[in-house]
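The chain contents come next:
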Amino acid sequence: MLTDYHVHLRPDDVDAGADAFFTPANAERYRTVAAERGIAELGVAEHVYRFAAALEVWRHPFWMRYATDDIDAYCAFVREETDLRLGIEADFVAGAEDRMASLLEAREWDYVVGSVHFLRDRAVDTDEFDVWDSARDPDAVWRRYFETLGEAARSGLFDVLAHPDLVKVWGPRRPRPDGDLRRFYELAMEGIAESGIAVEVSTGGLRKPVGEIYPAPDFLRWCVEAGCPVALSSDAHVPDQLGYRYENAVELLEGLGVRELCVFEGRRRRLEPLG
């Protein structure tokens, strides 16, 4: 089985409104491409910050610009007008865990994807609010990122840990620590191993400046050795990105001895053979 759970029905543009993209016809375009590419399990996980309810969790200026849609209307659309699994991509916001838990627990998801996009109020993967605007020491940024990733795993809020080494997204466009990067991965490993969270293998990084799968092979190897199951996704924002370069991801997983993928329903996880 192949899966794609970390999927968005629209681009990240602020004017990509729900009315234009949360339609049965658009969902069917995704379903058609998934079927053509052998993806049996397809879900959607819109960014939490696109919904007005997210402002009860965090009122960051970036979120305030985007948070316009009705989260319950989104849930109703997916449940009633599509056959997609219902997910959400929820940011880990340190200090706001209780508020995020309240938002998530009020809805019946199939799965919750957890991401670290911000370090305090600075962004890891957007030009605006870029953490690198004020950072001078790449070791400090990477250290803080992986410490936060471990906290996100340990929080218990999420079923899947998305693009686990997102901090590398910019590739040569941003500073990168010298030497063996495993010294940063180990900062997150205790939280990941203790939580038993599913670790996402995402081909989305192949479309980014870094040009790599998330996570790096050494990081993924440690997660697999710690007993973490794998969730396979593309982080698609248009139908043609579904299953993007999955052959690379499958080769990586098979090389590490991974033979099963996570499947989710009602926030319950089971494993199915990778194929």
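Note: the structure precedes this text.
One structure accompanies this document, and this report is about it. The model shown is predicted, which means the values in this text are computed figures rather than measured ones. (Residues numbered from 1 in each chain as written. Predicted model: local features only at pLDDT ≥ 70, side-chain atom pairs only at ≥ 80, totals over all residues. Heavy atoms only, no water.)

1. A word on the layout of surface pockets
Phase 1 of the analysis: Here the largest pocket defines a volume of roughly 480 Å³.
Phase 2 of the analysis: In terms of lining residues, the largest pocket is bounded by 25 residues, among which Asp12, Asp125, Thr126, Lys208 and His237 are the most central.
Phase 3 of the analysis: Per-class residue counts for the lining of the largest pocket are 10 nonpolar, 8 polar and 7 charged.
Phase 4 of the analysis: When its volume is computed, the second largest pocket comes out at roughly 200 Å³.
Phase 5 of the analysis: Sorting the residues of the lining of the second largest pocket by element identifies strand 5 (118-119) and helix 6 (138-154) as the ones contributing at least two each.
Phase 6 of the analysis: Here the lining of the second largest pocket gets 4 residues from one element, more than from any other, and that element is helix 6.
Phase 7 of the analysis: In the lining of the second largest pocket, the residues fall into 6 nonpolar, 1 polar and 4 charged. (1 Å grid on protein atoms, 1.4 Å probe; cavity = no way out; pocket = protein on both sides within 12 Å on 5 of 7 lines; lining within 4 Å. Points joined across faces, edges and corners; volume = space filled by probe spheres on them. Nonpolar A, V, L, I, M, F, W, Y, C, P; charged D, E, K, R; others polar. Helix = DSSP H or I, 4+ residues; strand = E, 2+ residues; numbered from the N terminus.)

2. Considering the nonpolar core
Phase 1 of the analysis: Counting 95 residues, the largest nonpolar core has Trp63, Tyr74, Phe146 and Ile192 as its most contacted members.
Phase 2 of the analysis: A per-element tally of this core places helix 6 first, with 7 residues.
Phase 3 of the analysis: Those residues in contact with Trp63, other than ones at most four positions away along the chain, are Val48, Tyr49, Ala54, Leu55, Val57, Trp58, Asp91, Val93, Met100 and Phe118.
Phase 4 of the analysis: By size, the runner-up hydrophobic cluster in this structure holds 11 residues, among which are Tyr5, Ala45, Ala162 and Cys262. (Core = buried A, V, L, I, M, F, W, Y, C linked by side-chain atoms within 4.5 Å. Buried < 20%, exposed > 50% of the residue type's maximum accessible area, 1.4 Å probe, protein only. Contact = heavy atoms within 4.5 Å.)

3. Section: the packing of aromatic side chains
Phase 1 of the analysis: Throughout the structure, instances matching the rule amount to 20 aromatic pairs.
Phase 2 of the analysis: Here the aromatic rings of Trp58 and Phe118 are separated by 5.2 Å at their centres, their planes lie at 85°, and the arrangement is edge-to-face. One end of the pair, Trp58, is in the loop between strand 2 (39-47) and helix 3 (61-66); the other, Phe118, is in strand 5, and 60 residues separate them in sequence. Take Trp58 and Phe118: they sit in the same class, and that class is buried.
Phase 3 of the analysis: An aromatic cluster is present here, built from Tyr49, Trp58, Phe62, Trp63, Tyr66 and Phe118 joined pairwise through their rings.
Phase 4 of the analysis: Its guanidinium or amino end placed over the ring of Trp170, Arg174 lies 4.0 Å from that ring's centre, counting from NZ or CZ. (Phe/Tyr/Trp six-rings, centres within 6.5 Å; stacked < 30°, edge-to-face > 60°. Lys NZ or Arg CZ within 6 Å of the ring centre and 35° of its normal.)

4. A short note on the pairing of strand 3 (residues 85-91)
Phase 1 of the analysis: Most of strand 3 sits inside the fold, with 7 of its 7 residues counted as buried.
Phase 2 of the analysis: Here strand 3 shows a buried face lined by Arg85, Gly87, Glu89 and Asp91 and a second buried face lined by Leu86, Ile88 and Ala90.
Phase 3 of the analysis: Examined bridge by bridge, strand 2 and strand 3 share 5 bridges and lie parallel to one another. Bridge pairing in strand 3 links Val44 to Leu86. (Pairing = 2+ DSSP bridges.)

5. Description of empty space enclosed by the protein
Phase 1 of the analysis: Tallying each qualifying case throughout the model produces 1 cavity of 30 Å³ or more.
Phase 2 of the analysis: Considering the residues around the largest cavity, the lining is formed by Trp142, Val167, Lys168, Trp170, Gly171, Arg174, Pro175 and Arg176.

6. Some thoughts on the sheet that holds strand 7 (residues 160-161)
Phase 1 of the analysis: Spatially, 1-2-3-4-7-8-9 is the arrangement adopted by the 7 strands of the open sheet, whose pairing is parallel. On the outer flanks of this sheet lie strand 1 (2-4) and strand 9 (230-233), each paired with one strand and no other.
Phase 2 of the analysis: Here strand 1 runs beside strand 2; their pairing, made up of 3 bridges, is parallel. The residue bridging Thr3 from the neighbouring strand is Glu41, located in strand 2.

7. Describing the pattern of salt bridges
Two side chains with opposite charge may pair up if their charged atoms get near one another.
Phase 1 of the analysis: Taken as a whole, this structure holds 20 salt bridges when the rule is applied.
Phase 2 of the analysis: Salt-bridge contacts for Glu265 lead to Arg85; the nearest nitrogen and oxygen are separated by 3.7 Å. Of this pair, Glu265 sits in strand 10 (residues 260-265) while Arg85 sits in strand 3, placing them 180 residues apart in sequence.
Phase 3 of the analysis: By relative accessible area, Glu265 is classed as partly exposed at 37%.
Phase 4 of the analysis: With relative accessibility at 18%, the residue Arg85 sits in the buried group.
Phase 5 of the analysis: Ionic pairing is found between Glu194 and Arg154, a salt bridge with its closest N-O pair at 3.5 Å. (Salt bridge = Lys/Arg side-chain N within 4 Å of Asp/Glu carboxyl O.)

By themselves these figures say nothing about function.
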